[in-house]
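Each chain is listed here by its residues.
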Amino acid sequence: MWLLDTSTGKLHYIVDPSWENYAILSHVWIAGKEQSFQDLQRLHEPTPEEIWRSRVRPLLGGRPPQSALSRASEKIRECCAFARARGYRWLWVDTCCIDKTSSSELSEAINSMYKWYQQSGVCYAFLHDVDDDEDPRVRGSQFRSSKWFKRGWTLQELIAPYEVWFLSKRWRPIGTKASLADVIEEVTGIDRDILQHKRPLSSVSVAQRMSWAAKRKATRVEDEAYSLMGIFNVNIPVIYGEGRYAFYRLQEEILRRIPDQSIFAW
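Residues numbered from 1 in each chain as written. Predicted model: local features only at pLDDT ≥ 70, side-chain atom pairs only at ≥ 80, totals over all residues. Heavy atoms only, no water.

Per an unreviewed UniProt entry, the protein chain carries the name HET-domain-containing protein and comes from Trametes coccinea.

Shown next as structure tokens:
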């Protein structure tokens, strides 16, 4: 698992993340504004100008070179700053902490993601479409209608972590999963005892768990299946390009592993 150093912006490979105390980000991807694993690695390669300055600065003086983190996207910078201010050295962000050019690494990450969110010290749910002065309890609030509640992957990112902080578009705390459990239950249909880990997921029928994902969307059709593996505690091979067949394979694995006939009703 790759983790981002919140002070330097460098990526470090951690063999056993269960030994580390890390924060994790949950967010909606914005097309054209997210930095990949390779993008972040390139930020640490000195530019010709920086090489020149490093040679002449001792002689002529001048400002020190920019840190790699200062050149990262606003989302990565702000999340690192927020986590660092709260004592977290390590941060995991799905856009830049997975080398998606490696099929084996991508498959491992997708199959392990529920566990990674579950093992995190805290999950920051960044709601880019919610203002700072938002009152989540008001009917029709921005919080209740946020795109974050409509995405496929954020379902497990809501359920798996023990602690979730909801943050506004300016990175201001709105509330936590515990303090807003009643509101989140209304928005998602997920029982607050499940949200707060007072009841195990296994106590909820397959049909009910499927209903939680019914109105959620994923950018890639295969992710409609892959994003539910953790919800049902099953694993299937990740094969992008298979289309809807991924969901058939997911159902077959659920039937094989979980003795619950409610899936047929669903």
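**Describing the packing of aromatic side chains**
Inspection of the entire model under this criterion finds 15 aromatic pairs. When the centroid spacing of 6.0 Å and the interplanar angle of 70 degrees are considered together, the rings of Tyr-124 and Trp-165 count as edge-to-face. With a gap of 41 residues between them, Tyr-124 in strand 5 (residues 122-126) and Trp-165 in strand 6 (residues 164-167) connect regions that are remote in the sequence. When its relative accessible area of 1% is taken as the criterion, Tyr-124 is described as buried. (Phe/Tyr/Trp six-rings, centres within 6.5 Å; stacked < 30°, edge-to-face > 60°. Helix = DSSP H or I, 4+ residues; strand = E, 2+ residues; numbered from the N terminus. Buried < 20%, exposed > 50% of the residue type's maximum accessible area, 1.4 Å probe, protein only.)

**Some thoughts on the domain arrangement of the protein chain**
When the domains of the protein chain are assigned, the result is domain 1 (2-198) and domain 2 (200-265). Taken over C-alpha atoms, the centre of domain 1 sits 25 Å from the centre of domain 2. If you look at the interface, domain 1 gives 19 residues, while domain 2 gives 23 residues. Carbon and sulfur atoms make up 59% of the area that domain 1 and domain 2 hide from each other, which totals about 1,700 Å². Of all residues in domain 1, Asn-111, Trp-153 and Leu-155 give up the largest surface area on contact with domain 2, accounting jointly for 30% of the area buried on that side. Here domain 1 is connected to domain 2 by 7 residue pairs in polar contact (both at pLDDT 80 or more). Elements represented by at least two residues in the side of domain 1 that touches domain 2 include exactly helix 4 (103-119) and helix 6 (154-159). Top contributing element to the side of domain 1 that touches domain 2 by residue count: helix 4, with 5 residues. Counted by class, the side of domain 1 that touches domain 2 contains 10 nonpolar, 7 polar and 2 charged residues. (Domains from an automatic or database assignment. Contact = heavy atoms within 4.5 Å. Buried area = accessible area lost by both parts, 1.4 Å probe. Polar contact = N/O pair within 3.5 Å; in protein donor to acceptor, adjacent residues only side chain to side chain. Nonpolar A, V, L, I, M, F, W, Y, C, P; charged D, E, K, R; others polar.)

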